[in-house]
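The primary structure of each chain is shown beneath.
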Amino acid sequence: MNFKPYLLALLPALMLLGSPVQAAKLKPQNLKQLISESESILSGQVLSVTDGISEQGVPYTEVTIKVNNAAKGQHDKNSTYTFRQFGLTKPRTDANGNKLLAVSPEGFPRWNANETVIVFMHKAAKLTGLRTTAGMANGKFVIQGSKVSNEFNNFGVFNDIEFAQGLLSESENAMLKTTGAVNATDFMSLVGKAVSEQWISTGKMK
């Protein structure tokens, strides 16, 4: 592999998604930030996770999700949503015997086939087409049973957010006071209403 072109192709992705050093200092993102920074918000099952090297020489992980529900963006139920995130799933050796260590840096979400997720997807980079979740690992939530949480056990997700009086149901108000995993139905319902009723732009969620 030609080393210099490889790095040149890599730079746009790193500039958009953050360097490995920045990723290691990943800060918690609250729900308002995740919604605001997302182009698409959807729930569904991860169908496949593969990796490779793009024509630009950028290592990527490709994820396909079968959509169950979408709170933001035009995504039909049972459609598939495929995206590429920077970095390989694991180191690999190419045909020339060179070992490629460019796995997704710390702070990026990790993906597993068959897991059920709620994802807040950032828009794609213009030059590479790569994208990942808003707030990186903050923006990927895994559903287990009836509960949902991100990699940080939802730390900071409901911090520093104010809702207009009377906006939330009793169960949604209780969810905001919960530490750790929360009810997945209440979580997705709240996100859906916040988007469709434009709570952020109207100041009902701030």
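Because the structure is predicted, anything quoted here is derived from the model rather than measured.

Asker: When you look at the pairing of strand E8 (residues 147–150) in this model, what are you seeing that I'm missing?
Answerer: Here 4 bridges tie strand E7 (residues 140–144) to E8, and the two strands are oriented antiparallel to one another. Within E8, the residue paired with Ile-143 across the bridge is Val-148. Between E7 and E8, which pair antiparallel and follow one another directly, the connecting turn spans 2 residues, one of which, Gly-145, has a positive phi of 70°. Where E8 lies against strand E9 (residues 182–183), 2 bridges are found, and the strand directions are antiparallel. Following the sheet pairing, Val-148 is matched in E9 by Val-182.

Asker: Sorry if this is basic, but what is going on with the side chain of Thr-64 here?
Answerer: Relative to the helices and strands, Thr-64 resides in strand E2 (residues 59–72). A polar atom in the side chain of Thr-64 sits 2.8 Å from the side chain of Thr-82.

Asker: What is the right way to read the sheet that holds E8 from this model?
Answerer: The pairing of strands in a sheet happens through backbone hydrogen bonds and is either parallel or antiparallel. Spatially, the 7 strands line up as an open sheet ordered E3-E2-E1-E6-E7-E8-E9, and their pairing is antiparallel. Here the strands that pair on one side only, and so sit at the sheet edges, are strand E3 (80–86) and E9. Judged from the 6 bridges that link them, strand E1 (residues 40–53) and strand E6 (residues 116–121) form a sheet pairing that is antiparallel. Considered in E6, the bridge of Ile-41 is made with Phe-120. Helix H5 (residues 184–196) contacts E1, E2, E6, E7, E8 and E9 of the sheet and is inclined by roughly 85° relative to E2.

Asker: I would appreciate a short explanation of the pattern of salt bridges in the present structure.
Answerer: Opposite charge on two side chains permits them to pair, given that their charged atoms come into close proximity. A full pass over the atoms with the stated rule returns 5 salt bridges. The salt bridge partner of Arg-84 is Glu-62, with a shortest N-O separation of 2.8 Å. Linking Arg-84 in strand E3 with Glu-62 in strand E2, this pair joins segments that are 22 residues apart in sequence.

Asker: Would you mind going over the side chain of Glu-172 with me for this structure?
Answerer: Mapping Glu-172 onto the fold places it in helix H4 (residues 170–176). Here the side chain of Glu-172 touches Lys-193 through a polar contact of 2.9 Å, side chain to side chain. Look past the residues within four positions of Glu-172 in its chain and what remains in contact with it is Leu-167, Asp-186, Ser-189, Leu-190 and Lys-193.

Asker: Help me understand the pairing of E7, please; the structure alone is not making it clear to me.
Answerer: Look at any regular strand and the pattern is simple: side chains alternate between the two faces of the sheet. Both E6 and E7 contribute to a ladder of 4 bridges, which runs antiparallel. What sits directly across from Ile-118, in E7, is Phe-141.

Asker: How should I be thinking about the confidence of the model for the protein in this particular structure?
Answerer: Any segment with low pLDDT has predicted coordinates that should not be analysed in fine detail. Across the protein, pLDDT averages 88, with 88% of residues at or above 70. Across residues 1–23, confidence stays below pLDDT 50; counting only partners more than four residues off in sequence or on other chains, it has 37 contacts.

Asker: Looking at this model, I keep getting lost on the packing of aromatic side chains. Mind explaining?
Answerer: For any pair of aromatic rings, the description consists of the separation of the ring centres together with the inter-plane angle of the planes. Here the structure, examined in full by the defined rule, presents 8 aromatic pairs. Each ring, one from Tyr-81 and one from Phe-83, has its centre 5.9 Å from the other, and the planes form 45°; the classification is tilted. In terms of burial, Tyr-81 and Phe-83 fall into one category: buried. Aromatic pair Phe-120 and Phe-187: ring centres 6.3 Å apart, planes at 70°, arrangement edge-to-face. Of this pair, Phe-120 sits in strand E6 while Phe-187 is found in helix H5, placing the two residues 67 residues apart along the sequence. Residues Phe-120 and Phe-187 agree in their burial class; the two are buried. One aromatic cluster is present, built from ring pairs that chain together Phe-120, Phe-141, Phe-158 and Phe-187. The side chain of Arg-84 reaches across the aromatic face of Tyr-60, ending 3.8 Å from its centre.

Scoring rules and cut-offs
Residues numbered from 1 in each chain as written. Predicted model: local features only at pLDDT ≥ 70, side-chain atom pairs only at ≥ 80, totals over all residues. Heavy atoms only, no water. Pairing = 2+ DSSP bridges. Helix = DSSP H or I, 4+ residues; strand = E, 2+ residues; numbered from the N terminus. Polar contact = N/O pair within 3.5 Å; in protein donor to acceptor, adjacent residues only side chain to side chain. Contact = heavy atoms within 4.5 Å. Axes fitted to C-alpha atoms, helices over the stretch in contact; angles between N-to-C directions. Salt bridge = Lys/Arg side-chain N within 4 Å of Asp/Glu carboxyl O. pLDDT = per-residue confidence, 0-100. Phe/Tyr/Trp six-rings, centres within 6.5 Å; stacked < 30°, edge-to-face > 60°. Buried < 20%, exposed > 50% of the residue type's maximum accessible area, 1.4 Å probe, protein only. Lys NZ or Arg CZ within 6 Å of the ring centre and 35° of its normal.

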